[in-house]
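Read off the chains here:
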Amino acid sequence: MSEILFDRISKHYDKEETIKNLTLKIEDGEIISLLGPSGCGKTTTLKILAGLVNPDFGTVYMDGINVNPLPAEKRGAVIVFQDHRLFPHMTVGGNIEFGLRMQKVPKRTRREKVEEMLKFMELEEHGGKFPDQISGGQKQRAAIARSLIINPKVLLLDEPFSNLDQRLKEEMRSFIVEIQKKLKITTILVTHDKEDALMTSKKIGVMFQGELKQYGTPEELYEEPSSIEVAKFFGEVNEFSIDHEDEHRIHTYLGAFNKTRLSMKRGVYYSKLLVRPEAVEIYYEEHSENMISGLVMERIYAGEKTYYSILCGERILKASVVGNCHWNEGQRVFLKIEGKNTMLVK
Amino acid sequence: MKKQTSRAVLVVVALAFILPLMIILLWSVTVSWPFPDLFPREFGLRGLAQIFEEGSRALESLYTSVKISLWVTILTLMITIPGGKALGIYDFPGKAFIKIFALAPLIISPVAIGMGIHSTFIRLGLTNTELGVVLIHIVPGIPYGIRIFTNIFELVGNQLEEQGKVLGANSFQVFFHITLPTILPGLISAGSMIFIISFSQYFLTFLIGGGSVITFPLMMVPYIQSGDRTMAASYSAVFIVVTLCGLLAIEKVLKLYYSKSSGIAGAFYTRKKVKS
């Protein structure tokens, strides 16, 4: 349990910058996600915190102490890797016991703790098996058990769900949230899947090409993205260039929008207005001002939602409606977009 | 049909290995075997008796040989494991050059290397000593060790070691509990190879040992040269049996050590408990 601070961390590999000036603070006992496409430097960030990789610049603090000079084995930051990395020559029990044995904990205590941990992780029957004799989900739990047994200060999960099928994935997600709540252990989860991040974490950091683009709550990231990249990472968006703005309105070629967004900051120049497909409302008739006329080009029914591509002027607008809807291809419709449902980015 | 062909090939290959050995074994218990007889005319244990008689120099040299080869195996492994790991896992300037350089003893004749080292050893007073022989035997073993361990480490990487470190193991613990058991198959093959190379070394032993350090091959060669086939074959038979035993011993000891150590790792979860 520990408060973590990455202070202006940079790391180069072969002249290529893997991590650019990363500053990030994680509160004690918090669970956060680092989200981004593969190769964006998320795993390197974990390795820097764990002490497996030395940063070129910057300092890592744990509880206010500079841990840069500490070797990996003294940091208490344990990574659970994507491929589990269970030691193949040891049994599951032996794997879980490993950390305690390295600390020279007496055999009897070790035994008790391992039994307890096996029970906690629902692995009682598998303690005597070797890693290649258990399933993927069990391996995952064994790897987490092996990390938790040494009471780490920070638990680092590197793509913990990527090798699991959908059902197991959901199970593991709630399992991790549960143990994190129970043990109050500072946890950093690295993933490329926005759903994993949204469903497990109180806060999410979005990384692209080694840069932390935005760090905030899921709501902030979804509703007030700092850039088009971040917005797109959380789902499809329609983007419009802003022509000009006056005191109350923002003008795009699709029409004018009221400046009701709280996210508008004074002195910031916004160049784009973004609209999520679900914020586009579709009507038969033009019943209020500022509605946009369009032609349904494509309709895709996907069960819980129906997706539309609508031609407005020369642009295709994406829209989605919950449930089954009856506007068909070739039909003329009118679209309404509330100013409050739009997002502005620089 | 295909199966039969491959079986036939296997039999031929096996015979190609076994027949020469059979002939050696036959010769070792032969008193006379004149041309053109297909089988020996008279059998006897003259050769083996001479080797195993009390106070025999052969046994003494056998002891020296085994001792030297074991030391060479241990020392060469100590050099080539870290060497192979560095070449297999880490990137550093000049890596390609060092990779080739480590194989140099394979390319350059051992005579040339031996002569050069000989003059240095004279100055250091290492000639005519067992230590000198051990040191010179390390040279031909290095390329094999480096090659095997480089490949092994390229294959296994250092992921498990990283995991060990973050779980709180220091470098020493990581090496003994994780690295060594992971490279065990390579350890056995490299160890056997190095043992055999050292055990069958004639020229380098002769050069550095200068006749004061008598190993088994040194005893054997004069018999081969003099044409006493029974004696030569007896020596060869003992040579083969000892090498085989040596190899088996290396494999057994290493396996036993690590099955035990992983037993300690999972102190109460040993292999026996596995049900599957």
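A brief look at the structure comes next. This structure is a prediction, so every number in the text was calculated from the model and none was measured.

## Points about the overall build of chain A
Moving on, step 1. A tally of regular secondary structure across chain A gives eight helices and 21 strands.
Moving on, step 2. Principal-axis analysis of the C-alpha atoms gives chain A an extent of 80 × 45 × 35 Å.
Moving on, step 3. The buried share of chain A, reckoned over its 346 residues, is 53%.
Moving on, step 4. Of the contacts formed within chain A by residues at least 6 apart in sequence, a portion of 66% connects residues at least 24 apart.
Moving on, step 5. Carbon and sulfur atoms make up 47% of the accessible area of chain A, which totals about 16,600 Å².
Moving on, step 6. Counting 49 positive and 51 negative side-chain charges, chain A places the averaged centre of each group 6 Å from the other.

## Description of the overall build of chain B
Moving on, step 1. Looking only at helices and strands, one finds 13 helices and two strands in chain B.
Moving on, step 2. Expressed along its principal axes, the backbone C-alpha trace of chain B runs to roughly 70 × 60 × 40 Å.
Moving on, step 3. Contacts in chain B between residues at least 24 apart in sequence constitute 71% of all its contacts with a sequence separation of at least 6.
Moving on, step 4. One finds the centroid of the 21 positive side-chain charges in chain B at a distance of 12 Å from the centroid of its 12 negative side-chain charges.

## Topic: the packing of aromatic side chains
Residues and elements named next belong to chain B.
Moving on, step 1. Within this structure, the stated rule accounts for 15 aromatic pairs over all chains.
Moving on, step 2. Note on Phe199 and Phe239: the rings are 5.0 Å apart at their centroids and 45° apart in plane angle, and the pair reads as tilted. Highlighted residues: Phe199 in helix H10 (residues 184-199) and Phe239 in helix H13 (residues 229-265), separated in sequence by 40 residues. As far as the burial class goes, Phe199 and Phe239 line up, both buried.
Moving on, step 3. Here the aromatic cluster, defined as three or more aromatic residues joined through ring pairs, consists of Phe195, Phe199, Phe216, Tyr223, Tyr235 and Phe239.

## Remarks on the interface of chain B and chain A
Moving on, step 1. On the side of chain A, 39 residues touch chain B, which itself brings 28 residues to the contact.
Moving on, step 2. For the pair chain B and chain A, the summed buried area comes to about 2,900 Å², and 63% of that belongs to carbon and sulfur atoms.
Moving on, step 3. One can count two salt bridges joining chain B with chain A.
Moving on, step 4. Of the charged contacts, one joins Glu162(B) and Lys47(A) as a salt bridge, the two residues approaching to 3.5 Å between their closest N and O atoms.
Moving on, step 5. Remark: the boundary between chain B and chain A carries eight residue pairs in polar contact (both at pLDDT 80 or more).
Moving on, step 6. Contributions of two or more residues to the side of chain B that touches chain A are made by helix H8 (159-166), helix H9 (171-182) and H13 of chain B.
Moving on, step 7. Per-element accounting of the side of chain B that touches chain A gives the leading share, seven residues, to H8(B).

## Considerations on the packing of helix H4 (residues 136-148) of chain A against helix H5 (residues 166-183) of chain A
Residue and element names in this part refer to chain A.
Moving on, step 1. Contact geometry of H4 with H5 gives a least axis separation of 11 Å together with a crossing angle of 15°. It follows that H4 is roughly parallel to H5 by the angle criterion. Classified by chirality, the crossing of H5 by H4 is right-handed. Only Leu168, Met172, Phe175, Ile176, Ile179 and Leu183 of H5 make contact with H4, whose side of the interface consists of Gly137, Gln140, Arg141, Ile144 and Leu148.

## Remarks on the pattern of salt bridges
Residue and element names in this part refer to chain A.
Moving on, step 1. Applying the stated criterion across every chain yields a total of 23 salt bridges over all chains.
Moving on, step 2. With its nearest N and O atoms 3.3 Å apart, the salt bridge here joins Asp83 to Arg85.
Moving on, step 3. Residue Arg85 is classed as buried on the basis of its relative accessible area, which comes to 10%.
Moving on, step 4. In this structure, the salt-bridge partner of Arg173 is Glu195, at a minimum N-O distance of 3.4 Å. Taken together, the positions of Arg173 in helix H5 and Glu195 in helix H6 (residues 194-200) put the pair 22 residues apart, joining distant regions of the chain.
Moving on, step 5. The class for Arg173 is buried, based on a relative accessible area of 4%.
Moving on, step 6. The network of salt bridges with common partners includes Lys20, Glu211, Lys213 and Glu229.

## Overview of the environment of Tyr301(A)
All names here are of chain A.
Moving on, step 1. With respect to the element layout, Tyr301 can be found in strand E17 (residues 292-301).
Moving on, step 2. In this structure the C-alpha to C-alpha distance between Tyr301 and Ser10, which are 291 residues apart in sequence, comes to 46 Å.
Moving on, step 3. Apart from the residues within four sequence positions on either side, Tyr301 is in contact with Thr306 and Asn324.

## Examining the sheet that holds strand E20 (residues 332-337) of chain A
All names here are of chain A.
Moving on, step 1. What the five strands build is an open sheet, ordered E16-E20-E17-E18-E19; its pairing is antiparallel. One side of each edge strand has no neighbouring strand; the edge strands of this open sheet are strand E16 (280-283) and strand E19 (315-322). Averaged over neighbouring strand pairs, the angle between their axes works out to 45° when direction is ignored.

## Quick look at empty space enclosed by the protein
Residue and element names in this part refer to chain B.
Moving on, step 1. One pass over the full model with this rule turns up five cavities of 30 Å³ or more.
Moving on, step 2. For the largest cavity, the calculated volume is near 50 Å³.
Moving on, step 3. In this structure, the largest cavity is lined by Phe153, Val156, Gly157, Asn158, Gln159, Leu160, Glu161, Ile178, Thr179, Thr182 and Ile183.
Moving on, step 4. Elements with a minimum of two residues in the lining of the largest cavity: helix H7 (130-156), H8 and H9.

## Thoughts on H5(A)
Residues and elements named next belong to chain A.
Moving on, step 1. Helix length check: H5, at 18 residues, gives a terminal C-alpha distance of 26 Å against a target of 26 Å (1.5 Å per residue), a fit within 8%.
Moving on, step 2. Residues of H5 that are buried: Leu168, Lys169, Met172, Arg173, Phe175, Ile176, Ile179 and Gln180.
Moving on, step 3. On its buried side, H5 packs onto strand E3 (31-35), helix H3 (107-120), H4, strand E7 (154-158), strand E8 (186-191) and H6.
Moving on, step 4. Of the residues flanking the end of H5, it is Lys184, one or two places downstream, whose phi is positive at about 50°.

## Notes on the layout of surface pockets
Moving on, step 1. Its boundaries defined by the atoms lining it, the largest pocket holds a volume of some 580 Å³.
Moving on, step 2. Around the largest pocket sit 24 residues that line it, and Ile74(B), Leu77(B), Ile81(B), Leu187(B) and Leu254(B) are the ones nearest its centre.
Moving on, step 3. Those elements that place two or more of their residues in the lining of the largest pocket are helix H3 (57-89), H9, H10 and H13 of chain B.
Moving on, step 4. Per element, the largest residue contribution to the lining of the largest pocket is nine residues, and it comes from H3(B).
Moving on, step 5. The residue makeup of the lining of the largest pocket, split by class, is 19 nonpolar, three polar and two charged.
Moving on, step 6. Of the voids in this model, the second largest pocket is the one considered here, and its volume is about 420 Å³.
Moving on, step 7. Forming the walls of the second largest pocket are 13 residues, and the residues nearest its centre are Tyr13(A), Ile89(B), Tyr90(B), Asp91(B) and Asn158(B).
Moving on, step 8. Per-element tally for the lining of the second largest pocket: the top contributor is H8(B), with three residues.
Moving on, step 9. For the lining of the second largest pocket, the residue count by class is four nonpolar, three polar and six charged.

How each quantity is defined
- Residues numbered from 1 in each chain as written.
- Chains lettered and ligands numbered in written order.
- Predicted model: local features only at pLDDT ≥ 70, side-chain atom pairs only at ≥ 80, totals over all residues.
- Heavy atoms only, no water.
- Helix = DSSP H or I, 4+ residues; strand = E, 2+ residues; numbered from the N terminus.
- Buried < 20%, exposed > 50% of the residue type's maximum accessible area, 1.4 Å probe, protein only.
- Contact = heavy atoms within 4.5 Å.
- Areas by Shrake-Rupley, 256 points an atom, 1.4 Å probe, with all protein chains shown as cover.
- Lys, Arg positive; Asp, Glu negative; His and termini not counted.
- Charge placed at Lys NZ, Arg CZ, Asp CG, Glu CD.
- Phe/Tyr/Trp six-rings, centres within 6.5 Å; stacked < 30°, edge-to-face > 60°.
- Buried area = accessible area lost by both parts, 1.4 Å probe.
- Salt bridge = Lys/Arg side-chain N within 4 Å of Asp/Glu carboxyl O.
- Polar contact = N/O pair within 3.5 Å; in protein donor to acceptor, adjacent residues only side chain to side chain.
- Axes fitted to C-alpha atoms, helices over the stretch in contact; angles between N-to-C directions.
- Parallel < 35°, antiparallel > 145°, perpendicular 65-115°, else oblique.
- Left-handed = near helix turned anticlockwise from the far one by under 90°.
- Pairing = 2+ DSSP bridges.
- 1 Å grid on protein atoms, 1.4 Å probe; cavity = no way out; pocket = protein on both sides within 12 Å on 5 of 7 lines; lining within 4 Å.
- Points joined across faces, edges and corners; volume = space filled by probe spheres on them.
- Expected span 1.5 Å × (residues − 1).
- Nonpolar A, V, L, I, M, F, W, Y, C, P; charged D, E, K, R; others polar.

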